[in-house]
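The chain contents come next:
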Amino acid sequence: DHRDLHSFPTRRSSDLSFGIENRLRQALENEEFVLHYQPKINLASGQLTGAEALIRWNDPKTGLVPPARFIPILEETRLIHEVGRWALGKAIEDYQRWRRAGLPAVRIAVNVSPLQLRSRSFVAEIEEAMRVSADAASGLELEITESLIMEDVNHNIDSLRAIRALGVRVAIDDFGTGFSSLSYLSKLPVDTLKIDRSFIVDMASGESGRTLVSVIIHLAHALKLNVVAEGVETEEQRRELRRLHCDEMQGYLYGKPVPAEIFEKRYLAPIPTKIATHA
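Source: prediction; values computed, not measured.

Conventions used here
Residues numbered from 1 in each chain as written. Predicted model: local features only at pLDDT ≥ 70, side-chain atom pairs only at ≥ 80, totals over all residues. Heavy atoms only, no water. Helix = DSSP H or I, 4+ residues; strand = E, 2+ residues; numbered from the N terminus. Buried < 20%, exposed > 50% of the residue type's maximum accessible area, 1.4 Å probe, protein only. Contact = heavy atoms within 4.5 Å. Phe/Tyr/Trp six-rings, centres within 6.5 Å; stacked < 30°, edge-to-face > 60°. Expected span 1.5 Å × (residues − 1). Pairing = 2+ DSSP bridges. Axes fitted to C-alpha atoms, helices over the stretch in contact; angles between N-to-C directions. Parallel < 35°, antiparallel > 145°, perpendicular 65-115°, else oblique. Left-handed = near helix turned anticlockwise from the far one by under 90°. Nonpolar A, V, L, I, M, F, W, Y, C, P; charged D, E, K, R; others polar. Core = buried A, V, L, I, M, F, W, Y, C linked by side-chain atoms within 4.5 Å. Lys, Arg positive; Asp, Glu negative; His and termini not counted. Salt bridge = Lys/Arg side-chain N within 4 Å of Asp/Glu carboxyl O.

**Some remarks on the overall build of the protein**
Part 1: On a plain count of helices and strands, the protein comes out with 12 helices and 10 strands.
Part 2: The buried share among the 279 residues of the protein stands at 53%.
Part 3: For the protein, contacts bridging at least 24 residues in sequence account for 71% of all contacts bridging at least 6.

Written out as structure tokens, the structure is:
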């Protein structure tokens, strides 16, 4: 599952009665959380352009736990603040390790949860994370859902402006699901717009689906935003997105989220000139 922090509704889970909350607290203490990385690919060149970091829980008793089972509980218990800070630091650490090793230091996108963005200390936490290195910001992008941005749009515009001033890029995730007005969209201090996977799926249903995706891409380009298609799983989708001049894509067609060491071997070393040779 490619979804992460902001893709699941906050809800009290029946799993809590079985002690999963306490297990998650122990998981944080015992460093059982890991980051998996999914590649982002330039549609025109086929080259690797970045990676999305996705939190996974490697439970020593049961193995990898599906995100749907633990991320809502992290939100409910507010542990997401600590786990989110860990994910941010780990992504920066991996980015710097790739640079030191002479590997392509692709920008890593990290999801922002609702509780993190609502926190008045969020910008300060990002600033603190950047202090580890002068080049940390150049390796980081924050992904925030459209619906979350629109909850308190004026406050969030200020927060995003402060984050971008640090040199960190910002992406609107799941675009098309949050019903933002065009007037606000033009004011949002962001760099990238990610088309929600539901629109990519709908392209196969007829001309109306393709037209909608085309409109989103043209709108984003008019606002000078980079456009990424999420959840691309078929060659037909890839060809259509390339025809519509979408900039980048990610999805199972090119790769599922994998542990950092596998991502490095598969996508970073030796340095790939192209991830695929599709026409």
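Next comes the rest of the account.
**Comments concerning the packing of aromatic side chains**
Centre distance and the angle of the planes are the two values used to describe a pair of aromatic rings.
Part 1: Counted according to the given criterion, the structure contains 8 aromatic pairs.
Part 2: Relative to Trp 86, the ring of Phe 33 has its centre 6.5 Å away and its plane inclined at 45 degrees; by these criteria the two rings are tilted. Taken together, the residues Phe 33 in strand E1 (residues 33-42) and Trp 86 in helix H3 (residues 80-100) connect sequence positions 53 residues apart.
Part 3: Its relative accessible area of 6% is what places Phe 33 among the buried residues.

**Here we look at H3**
Part 1: Compared with the 30 Å implied by 1.5 Å per residue over 21 residues, the 30 Å span of H3 between its first and last C-alpha is a close match.
Part 2: When H3 is considered as a whole, its buried residues turn out to be Ile 80, His 81, Val 83, Gly 84, Ala 87, Leu 88, Ala 91, Ile 92, Asp 94, Tyr 95, Gln 96 and Trp 98.
Part 3: Positive phi appears at Gly 102, one or two residues downstream of H3, with a value of about 75 degrees.

**A word on the pairing of strand E6 (residues 169-175)**
On a regular strand, each side chain points to the face opposite its neighbour's, so the side chains alternate between the two faces of the sheet.
Part 1: Summarising burial for E6: 6 of the 7 residues are buried, a large majority.
Part 2: Strand direction decides the pairing type here: strand E5 (residues 140-145) and E6, joined by 5 bridges, are parallel. Paired with Glu 143 across the strands is Ala 171, a residue of E6.
Part 3: As judged from the 3 bridges shared by E6 and strand E7 (residues 192-195), these two strands associate in the parallel manner.

**Re the packing of H3 against helix H12 (residues 260-268)**
Part 1: At a minimum axis distance of 12 Å, the contact between H3 and H12 shows a crossing angle of 40 degrees. Taken together, the axes of H3 and H12 are oblique relative to one another. The handedness of the crossing between H3 and H12 comes out as right-handed. Between H3 and H12, the contacting residues are Asp 94, Arg 97 and Trp 98 on the first element and Ala 260, Phe 263, Glu 264 and Leu 268 on the second.
Part 2: The class makeup of the residues in the contact of H3 with H12 is 4 nonpolar, no polar and 3 charged.

**Let's talk about the nonpolar core**
Part 1: In terms of nonpolar packing, the biggest core is built from 79 residues, with Tyr 37 and Leu 142 touching the most fellow members.
Part 2: For this core, the leading source of residues is H3, giving 8 residues.
Part 3: Those residues in contact with Leu 142 that lie beyond four places of it in its chain are Leu 88, Val 110, Val 112, Phe 122, Ile 126, Ile 163, Val 168, Arg 169, Val 170 and Ala 171.

**With respect to the side chain of Glu 75**
Part 1: One can find Glu 75 in helix H2 (residues 67-76).
Part 2: Within the buried set, Glu 75 has no salt-bridge partner at all; the shortest N-O distance to an opposite charge, 5.7 Å, is to Arg 118.

**A closer look at the pattern of salt bridges**
Part 1: Counted by the stated rule, this structure contains 23 salt bridges.
Part 2: We note a salt bridge from Lys 194 to Glu 143, for which the minimum N-O separation is 2.8 Å. Of this pair, Lys 194 sits in strand E7 while Glu 143 sits in strand E5, placing them 51 residues apart in sequence. Here the two residues Lys 194 and Glu 143 agree in accessibility, since each one is buried.
Part 3: Of the charged contacts, one joins Asp 158 and Arg 161 as a salt bridge, the two residues approaching to 3.5 Å between their closest N and O atoms. You can see Asp 158 and its partner Arg 161 sitting in helix H7 (residues 153-165), 3 residues apart, about one turn around the helix.
Part 4: What makes Arg 161 partly exposed here is its relative accessible area of 45%.
Part 5: Salt bridges here are not isolated pairs; linked through shared partners, they connect Lys 40, Glu 52, Glu 141, Glu 143, Arg 169, Lys 194 and Glu 230.

**So, the environment of Ser 119**
Part 1: Assignment of secondary structure puts Ser 119 in the loop between helix H4 (114-118) and helix H5 (122-130).
Part 2: Under the relative-accessibility criterion, Ser 119 is labelled buried at 19%.
Part 3: In this structure, the C-alpha to C-alpha distance between Ser 119 and His 81, residues 38 residues apart in sequence, is 9.0 Å.

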